[in-house]
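# Descriptive structure summary
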Amino acid sequence: MSNDEIFAAAYREHYWAVSRYVARRLDGRTGEVEEVVAEVFTVAWRRRAELPPTALPWLYGVARNCLANAVRGQGRRRRLLARLGNDDVAHGRHIASGPEAEPPGGWVHEALGRLSAKDQEVLRLTAWEELGVDELAVALGCGSRAASMRLHRARARLRTEIDRMGPASAPAPHRPHPATAVDATPAKEHGHG
């Protein structure tokens, strides 16, 4: 099979998984999602000779880099708009949501949001993308042992943040145990290397 055919197969098989990965990180902002996904597959096309047999974790790694570039670009645009005074708040288009708009499980997202971007990504790759440790290692560009340790530490930090929030923050008295909230998705942990 040629590199072009390998790329085409990876594109057909993983396009929607990469799209979901990007959409969850951009909160579904459709136009931006499409741009980032296009960039992911442009990079994959250019580097098609490097596509591994299990391409999805590798594509997630490329997507992480493309997302980082997109976020940096958004920051530059926001700073420019702030300097120009042409933002939505200045023109009365700012909409504040009330407390009733909090999504279910918002306390978990709040605790997750308190973690570093690296910890958030490790947890999302295992929970949302259902990557095992070996696949996580490919997506992060590190060894399996390092990926396993990063996951362990990120889970511990999330538990600490949830505990720090205290029972007053919980939406109901029967909040699941912090480990259950993160570990509920069956991780394909294999090859603890």
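The present account deals with the structure reproduced in this document. (Residues numbered from 1 in each chain as written. Predicted model: local features only at pLDDT ≥ 70, side-chain atom pairs only at ≥ 80, totals over all residues. Heavy atoms only, no water.)

Below, the discussion takes up the overall build of the chain. Along its length, the chain carries 8 helices and 0 strands. When the helices and strands of the chain are placed in sequence order, the string is α-α-α-α-α-α-α-α. The 193 residues of the chain split such that 35% are buried. Here the analysis covers contacts within the chain between residues at least 6 apart in sequence; of these, 66% occur between residues at least 24 apart. Accessible surface for the chain amounts to roughly 11800 Å². Of this, 53% is attributable to carbon and sulfur atoms. (Helix = DSSP H or I, 4+ residues; strand = E, 2+ residues; numbered from the N terminus. Buried < 20%, exposed > 50% of the residue type's maximum accessible area, 1.4 Å probe, protein only. Contact = heavy atoms within 4.5 Å. Areas by Shrake-Rupley, 256 points an atom, 1.4 Å probe, with all protein chains shown as cover.)

Before going further, it helps to spend a moment on the nonpolar core. One finds Val18, Val22, Val36, Val40, Leu59, Tyr60 and Leu125 to be the most contacted residues of the largest nonpolar core, which totals 44 residues. Of all the secondary structure elements, the ones that give two or more residues to this core are helix H1 (3–25), helix H2 (30–46), helix H3 (55–84), helix H4 (106–113), helix H5 (117–127), helix H6 (133–140) and helix H7 (144–165). Ranked by residues supplied to this core, first place goes to H3 with 10 residues. Each residue touching Val18, except ones within four places of it in the same chain, is listed here: Val37, Val40, Phe41, Leu56, Leu59 and Tyr60. (Core = buried A, V, L, I, M, F, W, Y, C linked by side-chain atoms within 4.5 Å.)

This part covers the packing of H1 against H2. At a closest axis distance of 10 Å, the pairing of H1 and H2 adopts a crossing angle of 150 degrees. When the axis of H1 is compared with that of H2, the two are roughly antiparallel. Every pair of crossing elements has a handedness; the one defined by H1 and H2 is right-handed. Where H1 abuts H2, its residues Asp4, Phe7, Tyr11, His14, Tyr15, Val18, Ser19, Val22 and Ala23 lie against Val33, Val36, Val37, Val40, Phe41, Ala44 and Trp45. Looking at the contact of H1 with H2 residue by residue, the class counts come to 13 nonpolar, 2 polar and 1 charged. (Axes fitted to C-alpha atoms, helices over the stretch in contact; angles between N-to-C directions. Parallel < 35°, antiparallel > 145°, perpendicular 65-115°, else oblique. Left-handed = near helix turned anticlockwise from the far one by under 90°. Nonpolar A, V, L, I, M, F, W, Y, C, P; charged D, E, K, R; others polar.)

We now examine H5. Burial within H5 is extensive, with 8 of its 11 residues counted as buried. When H5 is considered as a whole, its buried residues turn out to be Asp119, Gln120, Glu121, Val122, Leu123, Arg124, Leu125 and Thr126.

Counting along an α-helix, one turn takes 3.6 residues, and residues three or four places apart therefore face a common direction. With 6 of 8 residues buried, H6 is to be regarded as a mostly interior element. Positive phi appears at Gly141, one or two residues downstream of H6, with a value of about 75 degrees.

With respect to the element layout, Ser19 can be found in helix H1. Owing to a relative accessible area of 10%, Ser19 belongs among the buried residues under this scheme. Sequence-distant contacts of Ser19, defined by excluding residues within four places in its chain, comprise Val33 and Val37.

Under the criterion given, the structure shown has 10 salt bridges. Note that Arg25 is salt-bridged to Glu121, the shortest N-O span being 3.0 Å. Of this pair, Arg25 sits in helix H1 while Glu121 sits in helix H5, placing them 96 residues apart in sequence. On the basis of relative accessible area, Glu121 is assigned to the buried category, the value being 9%. Its salt-bridge partner being Arg114, residue Glu161 comes within 3.7 Å of it at the nearest N-O pair. Taken together, the residues Glu161 in helix H7 and Arg114 in the loop between H4 and H5 connect sequence positions 47 residues apart. (Salt bridge = Lys/Arg side-chain N within 4 Å of Asp/Glu carboxyl O.)

As a packed pair, H5 and H6 sit with axes 10 Å apart at the nearest point and diverge in direction by 135 degrees. Here H5 is positioned oblique relative to H6, judged by the angle of their axes. Handedness of the crossing formed by H5 with H6: right-handed. Touching Val122, Leu125 and Thr126 of H5 are Leu136, Ala139 and Leu140, all from H6. When grouped by side-chain class, the residues that make up the contact of H5 with H6 number 5 nonpolar, 1 polar and no charged.

The quantities given are spatial measurements derived from coordinates; they are silent on function.
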